[in-house]
Amino acid sequence: MPSELLKTFKTSGAVAFSSHRLVRRIIRNINFKNAGCLIELGPGNGRITKELLRGMRSDAILYAFEVNKAFCIELAKIADPRLKVINKSASDIKEFVSSIKFPAKNYIISSIPFGILPETECEQIMRAIYYASDKHTTLIQFSYSLIQYRRFKKYFSKVKVQFEPINIPPAFVFVCKK
Ligand SMILES: C[S@@+](CC[C@H](N)C(=O)[O-])C[C@H]1O[C@@H](n2cnc3c(N)ncnc32)[C@H](O)[C@@H]1O
């Protein structure tokens, strides 16, 4: 599966999946008691997904949006009824969120590789994330570059930055609220 990352570098934007340290750093930002409904964008082969499921309440639900069909097949092997894998782009979440009963407190956990996608696609995805969020939503996004800070600050008034050195490459975690 790491070969799938390299084969599809133009959409994966990564040479390796997230390290356990990075996954833990992301997860630490979630208060699972308040999380009835979570959305993951770009789950890949499920490194973060599996840890989310480990922490989630038994009645919580996780919608995972992944454009890569091979990864969707891999994710479908995680036999957990709380996980719904959706083979669509992150830019479709706005319509999706308005079509489901979405609890007020929620998290969007994103691995979208904003550093390598075309700018128009990045903005389309950010607009979709913005409109799918309300004042109770926390967006948790990792990126390999601090340059992305401006992108999140444009849409979210509060943006906290964390750093995880033990990852290939080292990564920043942005925790954003409206
Ligand atoms: C850097 S990889 C992260 C994989 C995994 N979450 C991890 O942390 O190891 C980025 C993932 O985003 C997916 N992706 C890229 N563009 C996407 C989009 N518009 N919508 C949904 N997923 C997308 C890629 O296919 C890839 O699986």
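Each chain has its residues counted from 1, running along the sequence as written. Thresholds applied to this predicted model are a pLDDT of at least 70 for local features of residues and 80 or more for the giving and counting of side-chain atom pairs; totals over whole chains, interfaces and linings are not thresholded and use all residues.

## Re the overall build of the protein
Then step 1. A helix here means a DSSP run of H or I that spans at least four residues, while a strand means a run of E at least two residues long, and both kinds are numbered starting from the N terminus. Each helix and strand counted, the protein has eight helices and seven strands in total.
Then step 2. By the compact-globule yardstick of 16 Å for 178 residues, the protein fits well, its C-alpha radius of gyration being 15 Å.
Then step 3. Three classes are used. A residue is buried when 20 or more other C-beta atoms lie within 10 Å of its own, exposed when 12 or fewer do, and partly exposed in between, with C-beta atoms placed from the backbone. By the burial criterion, 37% of the 178 residues in the protein qualify as buried.
Then step 4. For the purpose of contact definition, each residue receives a C-beta atom placed from its backbone, and two residues are in contact when these atoms lie within 7 Å. In the protein, the proportion of contacts linking residues at least 24 apart, taken out of those at least 6 apart, comes to 67%. Values of the radius of gyration come from C-alpha atoms, whereas the globule rule sets the reference at 2.2 Å times the count of residues to the power 0.38.

## Remarks on helix H7 (residues 119-132)
The periodicity of an α-helix, 3.6 residues per turn, causes residues three or four positions apart to be oriented the same way.
Then step 1. Relative to the 20 Å expected for 14 residues at 1.5 Å per residue, H7 spans 20 Å between its end C-alpha atoms, a close match to the ideal helical length.
Then step 2. Of the residues making up H7, those classed as buried are Ile125, Met126, Ala128, Ile129 and Ala132. Angular distribution of buried residues about the axis of H7 spans 160°; they occupy a single face of the element. Structural note: H7 exposes Glu119 and Thr120 on the side pointing more than 90 degrees away from its buried face.
Then step 3. Along its buried surface, H7 packs onto helix H6 (93-99), strand S4 (106-110), strand S5 (137-143) and helix H8 (149-155). One less than the residue count of a helix, multiplied by 1.5 Å, gives the span that helix is expected to have. The directions from the helix axis to the C-beta atoms are what the arc is built from.

## So, the site of the ligand
Then step 1. We call a residue near a molecule or strand if the C-beta atom, set from the backbone, is within 6 Å of it. Among the 24 residues in the neighbourhood of the ligand, the closest are listed as Ala14, Phe17, Ser18, Gly42 and Gly44.
Then step 2. Those elements that place two or more of their residues in the shell around the ligand are helix H2 (9-12) and helix H4 (47-55).
Then step 3. Looking at the shell around the ligand residue by residue, the class counts come to twelve nonpolar, ten polar and two charged. In this classification, Asp, Glu, Lys and Arg are treated as charged, Ala, Val, Leu, Ile, Met, Phe, Trp, Tyr, Cys and Pro as nonpolar, and every other residue, Gly included, as polar.

## As for unusual backbone geometry
Then step 1. Residue Ile168 is joined to Pro169 through a cis peptide bond whose omega torsion reads -15°.
Then step 2. With respect to the element layout, Pro169 can be found in the loop between strand S6 (158-164) and strand S7 (171-177).

## Comments concerning the packing of helix H3 (residues 20-27) against H4
Between two packed helices, the angle of one axis relative to the other and the distance separating the axes together describe the packing.
Then step 1. Helix axes use the C-alpha atoms of the stretch in contact, all axes being lines fitted to C-alpha atoms, and the angles between their N-to-C directions lie in the range 0 to 180 degrees. Put simply, H3 and H4 touch, their axes get as near as 10 Å, and they point 45° apart. Here H3 lies oblique to H4, going by the angle between them. The hand of the H3/H4 crossing is right-handed. Within the contact between the two elements, H3 uses Val23, Ile26 and Ile27 and H4 uses Arg47, Ile48, Glu51 and Gly55.
Then step 2. Across the contact of H3 with H4, the residue classes tally to four nonpolar, one polar and two charged. Each angle gets one of four labels, with under 35 degrees taken as roughly parallel, over 145 as roughly antiparallel, 65 to 115 as roughly perpendicular, and the rest as oblique. Crossing handedness: left-handed means the near helix sits turned counterclockwise from the far one by under a right angle, and right-handed means the same turn made clockwise.

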